[in-house]
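Structural characterization, general
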Amino acid sequence: MGVKLHVTSGPALEKKGDLAAAKQRYAYAVALDPKDARARYNLARLLHAEGAVDDALAHYARLYQDGAASPDALFNYALALASRGRIADARAVRERLRAAAPHHPRLPELTF
């Protein structure tokens, strides 16, 4: 299976409630192609949702550093940083989100 198949099969698995299998697909896709932003974001998102914030932070940071973070990835990255007490870093990410997507619907939630 190629990266694209792993990435595109993940949402279907998520819809069926099989988050473990979806996470596995995304992780495999990231292993095959570490620059695949969609796979990395989806993996980070699932890790974050299950409480593996430090693991999610590593993936969000890579997206951020590569300049490949979507507005939703930036939002989640800022939340994850704030949850770890890294408020100055969270504010910097929030400002990058504000510049990239000033009308992001969840931007007002980032009140730190």
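Up top is the structure these notes are about.
If you're wondering where the values come from, they're calculated on a predicted model, not measured in any experiment.

**A few points about the packing of helix α4 (residues 53-66) against helix α5 (residues 71-83)**
- Where α4 contacts α5, the two axes come as close as 9 Å, and the packing angle between them is 135 degrees. Comparing their axes, α5 and α4 come out oblique. Classified by chirality, the crossing of α5 by α4 is left-handed. Residues Val53, Leu57, Tyr60, Ala61, Leu63 and Tyr64 of α4 touch α5, and the partners they reach there are Ala73, Leu74, Asn76, Tyr77, Ala80, Leu81 and Ser83.
- Among the residues forming the contact of α4 with α5, the class breakdown is 11 nonpolar, two polar and no charged.

**A word on the environment of His59**
- Counting through the fold element by element, His59 comes out in helix α4.
- A residue is classified by how much of its surface remains accessible, and His59, at 16% relative accessible area, is buried.
- Distance from His59 to Asp33, taken between C-alpha atoms, is 13 Å for residues 26 residues apart in sequence.
- Not counting residues within four places of it along the chain, the set of residues in contact with His59 comprises Val30, Arg40, Leu43, Ala44 and Leu47.

**Observations concerning the nonpolar core**
- If you look at the biggest cluster of nonpolar residues, it comprises 35 residues, and the most contacted ones within it are Leu57, Tyr60, Tyr77, Leu81, Val93, Leu97 and Leu110.
- Elements represented by at least two residues in this core include exactly α1 (3-15), α2 (19-32), α3 (37-49), α4, α5 and α6 (87-100).
- A per-element tally of this core places α5 first, with seven residues.
- Ignoring any residue separated from it by four or fewer positions in sequence, one finds Tyr77 in contact with Leu57, Tyr60, Ala61, Tyr64 and Val93.

**Points about the side chain of His104**
- Mapped onto the elements of the fold, His104 is located in the segment after α6.
- The exposure class of His104 is buried, given its relative accessible area of 9%.
- Not counting chain neighbours up to four residues away, the residues in contact with His104 comprise Pro71, Asp72, Phe75 and Leu97.

**Considerations on the pattern of salt bridges**
- A full pass over the atoms with the stated rule returns eight salt bridges.
- Taking the shortest distance from any N to any O, the salt bridge between Asp54 and Arg84 comes out at 2.9 Å. Residue Asp54 is located in helix α4, and its partner Arg84 is located in the loop between α5 and α6; the two are separated by 30 residues in the primary sequence.
- Here Arg98 and Glu95 are joined by a salt bridge, their closest N and O atoms 3.1 Å apart. One end of the pair is Arg98 and the other is Glu95, both in helix α6 and three residues apart, which spans about a single turn.
- Judged by relative accessible area, which is 37%, Glu95 ranks as partly exposed.
- Salt bridges here are not isolated pairs; linked through shared partners, they connect Arg94, Glu95 and Arg98.

About the criteria used
Residues numbered from 1 in each chain as written. Predicted model: local features only at pLDDT ≥ 70, side-chain atom pairs only at ≥ 80, totals over all residues. Heavy atoms only, no water. Axes fitted to C-alpha atoms, helices over the stretch in contact; angles between N-to-C directions. Helix = DSSP H or I, 4+ residues; strand = E, 2+ residues; numbered from the N terminus. Parallel < 35°, antiparallel > 145°, perpendicular 65-115°, else oblique. Left-handed = near helix turned anticlockwise from the far one by under 90°. Contact = heavy atoms within 4.5 Å. Nonpolar A, V, L, I, M, F, W, Y, C, P; charged D, E, K, R; others polar. Buried < 20%, exposed > 50% of the residue type's maximum accessible area, 1.4 Å probe, protein only. Core = buried A, V, L, I, M, F, W, Y, C linked by side-chain atoms within 4.5 Å. Salt bridge = Lys/Arg side-chain N within 4 Å of Asp/Glu carboxyl O.

Structural measurements only, silent on function.
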